[in-house]
Amino acid sequence: MSRAMQCQSCLPWGSWAQLPRSLAGSRGTRSVSVCAAAVPAGPAGRCFLRRILCTSSIFLPRGSVRYQGDFQEISAQPGSSRHGQSQLRNVASSGAIKKHQKSLSAWFSHQPNEERQFGPSFSLDAVHVDPVIRESSLEEILKPSPDLTIQNQLQQPCRKVISLNNLFDVDACGRQVKNVVLYGTVGTGKSTLIKKMVVDWCHGRLPHFELVIPFSCEDLSHSHAHVSLRRLITKKYQHLRDVVPVLEASNLRVLFILNGLERLNLDFRLAGTELCCDPNEPVPPSAIVVNLLRKYLLPEASIIVTTRPSAVRRIPGKYVGRYAEICGFSDTNLQKLYFQMRLSQPGCSGEESQHRSSAEQENLVEMLSRNLERHNQITAACFLPSYCWLVCTTLHFLYFTRTVPPSQTLTGIYTSFLRLNFSGEVLDSTDPTHISMMKYAAKTVGKLAYEGVMSRKTCFSEEDLRQCFEVEMKTESELNLLEVFRSDVFRFFLSPCVQPGKEHTFVFTIPAMQEYLAALYVVLGEKKTLAQRVGKELSEVIGKVSEDVAVVLNIISKVLPLRFLPVLFNLLKIFPRYFSRVSGKDKDAIAHTMAEELFKEEDYYNDDVLDQINSSILGVEGPMRHPDEAPDDEVFELFPIFMGGILSRRNRAILEQLGCSIKNLAAFEIAKAMKKTVIRKGRKGLPPSELMDYLFFLHEFQNERFAAEAVRSLRAVNLSSVKMTPLKCSVLASVMSTTCHEVEELNLTSCNLDSGSLRTLFPVLLRCKALHLQLNSLGSDACKEIRDLLLHDKCVVSSLRLANNPVGEQGARYLAEALAGNRSLTQLSLLHTALGDPGAEAIAQHLAQNQHLQELNLGYNSLTDTAALRVVEVAKRHETLDKVHLYFNDISEDGKRALDSLRMDRDGVRALVFLTAGTDVSDYWSHILNVVQRNLPFWDRERVRQHLALLLQDLESSRSQTANPWRKAKFLRVESEGSRETRCPS
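Since we're looking at a predicted model, the values are computed, not measured. (Residues numbered from 1 in each chain as written. Predicted model: local features only at pLDDT ≥ 70, side-chain atom pairs only at ≥ 80, totals over all residues. Heavy atoms only, no water.)

A look at the overall build of the protein chain
Part 1: Assigned secondary structure in the protein chain consists of 42 helices and 18 strands.
Part 2: Residues counted as buried form 52% of the 986 residues belonging to the protein chain.
Part 3: For the protein chain, long-range pairs separated by at least 24 residues make up 79% of all intrachain contacts whose partners lie at least 6 apart in sequence.
Part 4: Total accessible area on the protein chain stands at roughly 45,800 Å², and carbon and sulfur atoms take up 51% of it. (Helix = DSSP H or I, 4+ residues; strand = E, 2+ residues; numbered from the N terminus. Buried < 20%, exposed > 50% of the residue type's maximum accessible area, 1.4 Å probe, protein only. Contact = heavy atoms within 4.5 Å. Areas by Shrake-Rupley, 256 points an atom, 1.4 Å probe, with all protein chains shown as cover.)

This is the structure in structure tokens:
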């Protein structure tokens, strides 16, 4: 802004008579004088003066416009102003503005569908944190931006920080600010800030303005009919129909909000947009906006405009009183405050856990806070408030999802996140192609993301960016689009790397976003060879031309009997048909890529993808990696899962709104091709974490027929050692519910299950023949769920293993009730479940009512002689039970002899107590030692060693009692194995 222009903007409020003298003292300015005879009286005179002020590039408040002559005055506050004010106050008191406030509050407090997954307690007032706003200038906006480094974004105090309530304060020259341009890149929270501003006014927290009138520039851009300002306001806000007529004649402090100015093509030239000072005159909506900003229409009104950086220059600087940039959460303390408020809300953990302790929520906040303090990449990501929302949404999905609705997927979260930020906006409204921002990002950033996935890298140099963005730029339009993308959208997807030694490289702001964009790039069919691109263009040209050529050839063939013309016509049609068949193989290539990435053997033993996402957000507890230490190989297991998720019907519908169209036929052909590859490879034995990824892929794909066919091929499901969170249990239940087939084996050993997990998995457990639930924290509440499971008339469980769970006495009572009524169970293992004598007694009481049990393991339960004898006595009378495991219990020598005598009384009843059977080695000695070896890491080492010592003493005693050399050799062999097990715990 020139010095002359600054001086003009600093003129004091005064009379028109003082204006020439003020301007004459300003170097380089234009002196303006007005002859009284040349100015007509009344409204025509006022319009004339405003035209002079506009064309002279000088804008003054209406109260300062006066002229001398016959002492007639043109004033913004006419003599009837008091009458106008009293009339307005009567209107206000009648409740018109209050109704307007109520209507605005209801509308702007309305949360989108994506927000509702957090529960009704998440209102705009409850979780809003104001981002940092920095006062700027047009010179700063137009000058080249500095290098993007993390130091330029984080922990640097912003100069000229200004609050939202002070945007209309006087500027540095003492001039009252009337027009404010509030700009920021995508994701900085412009729209949310405006919503909060409107809600604050509705609740009386913005007393500086008596009336707020918000407009969406997107709505205005779709209206091409001429309309007056009065009609425009009353059409949108009917409650103001009695207020609008007196706006111009009153001193009402009005604020117009114009949100998303980049949607409008504004022309401030007089030749392009005529002057209009009458609120009742119909003009194009863009002309209303231009004249409001010119201060030619309602000059006393205040205006706040929100826009992206690329569109700031569309408003001439002389019409802007203050520029303000939204800097997001440039301070990590703001990020922590946002997460604290959002994750600590009462409804965050869902209705089922309202009565639970908030320890899990506090732990999440604490872990996230520690990760932010390390200045990890997540700190750079959460510089944008929108990514803070995504982090909270993902954590809510990972930790507080008890049941998964069919439409709730991780891909759906990311797709909805993009819709919230882009909502189908075009990249540049002045460009004739009108390409959407999301489509442009998918073609350019998606290509960068895909090449990174294929080369397994996450850091990109300037040369990498140049190859993906600039290599194919050929026209002026393409270069303009790139410039707009760099200024408005680039920082949304890519941010500077924080790793030492990589400060001048870029990474994706959220790691999973790289895999999402790579998946979108492939599914949209943007991954093409040069031959495919040329063939497609040629096919489209020939297809369009062939229709016109066909008409001409038909006419010529009637005049000239040339036989070769129909042949030529058919040849023209061959190429498009042939190319369509060849291009159909692209769908096979997409399915092949998906299968190859989903079942990469080098990723078989990584954590499952949900745990990987959790680690990327909360970090990995433990010492930080040394800078010189070689990094782990990058893992991109979300890439094929996102490919499947994007093909779901719901996500395709959302992407259609963003300008990324995926046809139903294309999705069908890809799914058809996937059956040949994905399902065939899924039949192979997969490690537990990889199998969990496969099940999660089927859930994300949201194709029940495809999932049913895939699940039917899984006769055994081994998820041992996978931390089965409520989300994973819901995913497993959802995918397995697509069929009704029986599962031969379900292994959930060491999966952190609880009663809630069993409740979620109940329909799946009913269909499992062999059920492994060892090494979980399953107490009495869980045993109650197991009782209901075993008593269900559709239960097919034949083998149930509950070893190393804190079942206890009460849990044993629930299981005993289940034994009495169950008809499918043949094997039950309660090894090391803290039953004690009361628990064993409860089982013995109900065991007689069971007719199908064949094997019962009560080892390592601190049973004494009485309880052990009681169980064996009942087993002796049982029709089918022939094996009872009682080793590692507190059974004395007398108890051993008593048990041995009971065994001798009835053939077929075997009580496994010691490694010996009389003067011989027990047939099950290896089984007992194998049980010890498998459970050593989970048992009390000192107690195991004591029991093994007793077993060795028994072996030595029995060996000394026999004279058979063959038996002695067997005893020595068993003693050797037992001694080795004794040394292991030490």
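Quick word on the state of the cysteines
Think of a disulfide as a covalent bridge from one cysteine sulfur atom to another cysteine sulfur atom.
Part 1: Under the definition given, this model contains 0 disulfides.
Part 2: Left without a disulfide partner, cysteine 497 is nearest to the cysteine sulfur of cysteine 459, which lies 3.9 Å away.
Part 3: Looking at cysteine 497, the relative accessible area reads 1%, which means it is buried.
Part 4: Counting only cysteine sulfurs, cysteine 795 is the nearest neighbor of cysteine 768, a cysteine outside any disulfide, at a range of 9.4 Å. (Disulfide = S-S within 2.5 Å.)

With respect to the packing of aromatic side chains
Between two aromatic rings, the relevant description is the distance of the centres plus the angle of the planes.
Part 1: If you walk through the whole model with that rule in mind, you get 27 aromatic pairs.
Part 2: Between phenylalanine 168 and phenylalanine 209 the ring centres are 5.3 Å apart and the planes differ by 80°, which places this aromatic pair in the edge-to-face class. Taken together, the positions of phenylalanine 168 in the loop between α9 (150–153) and β2 (179–183) and phenylalanine 209 in the loop between α10 (190–202) and β3 (211–216) put the pair 41 residues apart, joining distant regions of the chain.
Part 3: On the basis of relative accessible area, phenylalanine 168 is assigned to the buried category, the value being 5%.
Part 4: Taking 5.8 Å as the distance between ring centres and 5° as the angle between the ring planes, the aromatic pair formed by phenylalanine 422 and phenylalanine 493 counts as stacked. Residue phenylalanine 422 is located in helix α18 (residues 410–422), and its partner phenylalanine 493 is located in helix α22 (residues 490–493); the two are separated by 71 residues in the primary sequence. Taken individually, phenylalanine 422 and phenylalanine 493 each receive the classification buried, so the pair is uniform in this respect. (Phe/Tyr/Trp six-rings, centres within 6.5 Å; stacked < 30°, edge-to-face > 60°.)

Let's talk about the pattern of salt bridges
Part 1: Taken as a whole, this structure holds 33 salt bridges when the rule is applied.
Part 2: A salt bridge links aspartate 788 to arginine 787; the shortest N-O distance between them is 3.3 Å.
Part 3: Taken together, the shared-partner salt bridges in this structure form one network comprising Glu218, Glu262, Arg263, Arg308, Glu425 and Asp488. (Salt bridge = Lys/Arg side-chain N within 4 Å of Asp/Glu carboxyl O.)

Some words on helix α33 (residues 726–736)
Since there are 3.6 residues in each turn of an α-helix, residues three or four apart along the chain are aligned in direction.
Part 1: Among the 11 residues that make up α33, 9 are buried, leaving the element largely enclosed by the rest of the structure.
Part 2: Every buried residue of α33 is listed here: Leu727, Lys728, Cys729, Ser730, Val731, Leu732, Ala733, Val735 and Met736.

Notes on the sheet that holds strand β5 (residues 302–307)
Part 1: Pairing in this open sheet of 6 strands is mixed, and the strands run β1-β6-β2-β5-β4-β3 from one edge to the other. Both outer strands of the open sheet, β1 (132–136) and β3, are each paired with one neighbouring strand and no more. Pairs of neighbouring strands in the sheet enclose a mean axial angle of 20°, with direction left out of account.
Part 2: Inspection of the sheet shows β1 paired to strand β6 (residues 322–328) by 5 bridges, in the antiparallel sense. Residue pairing in the sheet places arginine 134 in a bridge with glutamate 325 of β6.
Part 3: Strands in contact with helix α12 (residues 229–236) are β3 and β4 (254–259); relative to β3, the strand with the most contacts, it is inclined by about 90°. (Pairing = 2+ DSSP bridges. Axes fitted to C-alpha atoms, helices over the stretch in contact; angles between N-to-C directions.)

Remarks on helix α21 (residues 476–488)
Part 1: Here α21 spans 18 Å end to end across 13 residues, near enough to the 18 Å set by a 1.5 Å rise per residue.
Part 2: Of the positions making up α21, those classed as buried are Leu481, Leu482, Val484, Phe485 and Asp488. Down the axis of α21, the buried set is contained in an arc of 165°. They therefore lie on one face. With respect to the buried face of α21, the exposed residues turned more than 90 degrees away are Glu476 and Glu483.
Part 3: Elements that come into contact with the buried residues of α21 comprise α19 (437–454), α20 (462–469) and α22. (Expected span 1.5 Å × (residues − 1). Arc of directions from axis to C-beta.)

Focus on the pairing of β4
Part 1: Extensive coverage of β4 is indicated by the burial of 5 of its 6 residues.
Part 2: Summarising the sheet, β3 and β4 pair through 6 bridges and their orientation is parallel. Note that in β4 the partner of serine 216 across the bridge is asparagine 259.
Part 3: Two elements, β4 and β5, share 5 bridges in a ladder whose sense is parallel. The residue of β5 that forms the bridge with leucine 258 is valine 305.
Part 4: Traced from β4 through helix α13 (residues 285–293) to β5, the parallel crossover comes out right-handed. (Right-handed = clockwise from strand over helix to strand, strands pointing away.)

Some details on the packing of helix α14 (residues 332–343) against helix α15 (residues 359–373)
Between two packed helices, what matters for the description is the angle formed by their axes and the separation of those axes.
Part 1: At a minimum axis distance of 10 Å, the contact between α14 and α15 shows a crossing angle of 165°. Classed by the angle they form, the pair α14 and α15 counts as roughly antiparallel. Viewed along their axes, α14 and α15 form a crossing whose handedness is right-handed. Touching Gln335, Lys336, Phe339, Gln340 and Leu343 of α14 are Gln361, Val365, Leu368, Ser369, Leu372 and Glu373, all from α15. (Parallel < 35°, antiparallel > 145°, perpendicular 65-115°, else oblique. Left-handed = near helix turned anticlockwise from the far one by under 90°.)

Considering the packing of α18 against helix α29 (residues 649–657)
Part 1: One can describe the packing of α18 onto α29 by two numbers: an axis separation of 10 Å at closest approach and a directional angle of 15°. Viewed along their axes, α18 and α29 adopt a mutual orientation that is roughly parallel. For the pair α18 and α29, the crossing hand works out as left-handed. From α18, Thr411, Gly412, Thr415, Ser416 and Arg419 reach across to α29, where they touch Arg650, Asn651, Ile654, Leu655 and Gln657.
Part 2: By residue class, the composition of the contact of α18 with α29 is 2 nonpolar, 6 polar and 2 charged. (Nonpolar A, V, L, I, M, F, W, Y, C, P; charged D, E, K, R; others polar.)

A word on the environment of leucine 364
Part 1: The topology assignment puts leucine 364 in helix α15.
Part 2: Take leucine 364: its relative accessible area is 2%, and that puts it in the buried class.
Part 3: Considering only alpha carbons, one finds leucine 364 and serine 344, 20 residues apart in sequence, at a separation of 9.4 Å.

Some words on the environment of valine 743
Part 1: Within the element layout of this structure, valine 743 appears in strand β10 (residues 743–747).
Part 2: Sequence separation between valine 743 and leucine 766 is 23 residues, and the spatial gap between their C-alpha atoms is 9.3 Å.
Part 3: With residues near it in sequence (within four places) discarded, valine 743 still touches Arg715, Val717, Met736, Arg767, Cys768 and Lys769.

Observations regarding unusual backbone geometry
Part 1: In this model, leucine 298 sits at a positive phi of 50°, which is unusual for a non-glycine residue.
Part 2: Within the secondary structure layout, leucine 298 lies in the loop between α13 and β5.
Part 3: One non-glycine residue, serine 423, lies in the positive phi region at around 45°.
Part 4: Structurally, serine 423 can be placed in the loop between α18 and α19.

What about the side chain of serine 824?
Part 1: Mapped onto the fold, serine 824 is located in the loop between α36 (808–821) and β13 (827–829).
Part 2: If near-sequence neighbours (up to four positions away) are discounted, serine 824 is found in contact with Cys795, Val796, Val797 and Ser798.

Concerning the side chain of histidine 128
Part 1: When you line up the elements, histidine 128 lands in the loop between α7 (124–127) and β1.
Part 2: A polar contact is formed between the side chain of histidine 128 and the side chain of aspartate 130, at a distance of 2.7 Å.
Part 3: Sequence-distant contacts of histidine 128, that is, excluding residues within four places in its chain, are made with Thr192, Leu193, Lys196 and Met341. (Polar contact = N/O pair within 3.5 Å; in protein donor to acceptor, adjacent residues only side chain to side chain.)

Comments concerning the nonpolar core
Part 1: Judged by nonpolar contacts, the single largest core of 187 residues is most densely connected at Phe493 and Tyr694.
Part 2: Dropping the residues within four chain positions of it, phenylalanine 493 is found in contact with Tyr387, Leu418, Phe422, Met438, Ala441, Val445, Phe485, Val507, Phe508, Thr509, Met513 and Leu517.
Part 3: In terms of nonpolar packing, the next biggest core, distinct from the first, is built from 71 residues, Ala96, Leu240, Tyr319 and Ile326 among them. (Core = buried A, V, L, I, M, F, W, Y, C linked by side-chain atoms within 4.5 Å.)

A look at the confidence of the model for the protein chain
Caution applies to low-pLDDT parts of the model: their predicted coordinates are not meant to be read in detail.
Part 1: Per-residue pLDDT for the protein chain has a mean of 78; in total, 71% of the residues score no lower than 70.
Part 2: Predicted confidence for residues 1–81 stays below pLDDT 50, and this span has 101 contacts to residues more than four positions away or in other chains.
Part 3: Taken as a whole, residues 622–631 scores under 50 in pLDDT and shows 4 contacts with residues more than four places along the chain or in a different chain. (pLDDT = per-residue confidence, 0-100.)

A few points about the environment of threonine 505
Part 1: Relative to the elements of secondary structure, threonine 505 occurs in the loop between β7 (494–496) and β8 (506–508).
Part 2: Since its relative accessible area comes to 18%, threonine 505 is described here as buried.
Part 3: Setting aside its immediate chain neighbours within four residues, threonine 505 contacts Cys459, Phe460, Ser495, Pro496 and Cys497.
Part 4: Of the polar contacts made by the side chain of threonine 505, one reaches the backbone oxygen of lysine 502; its length is 2.7 Å.

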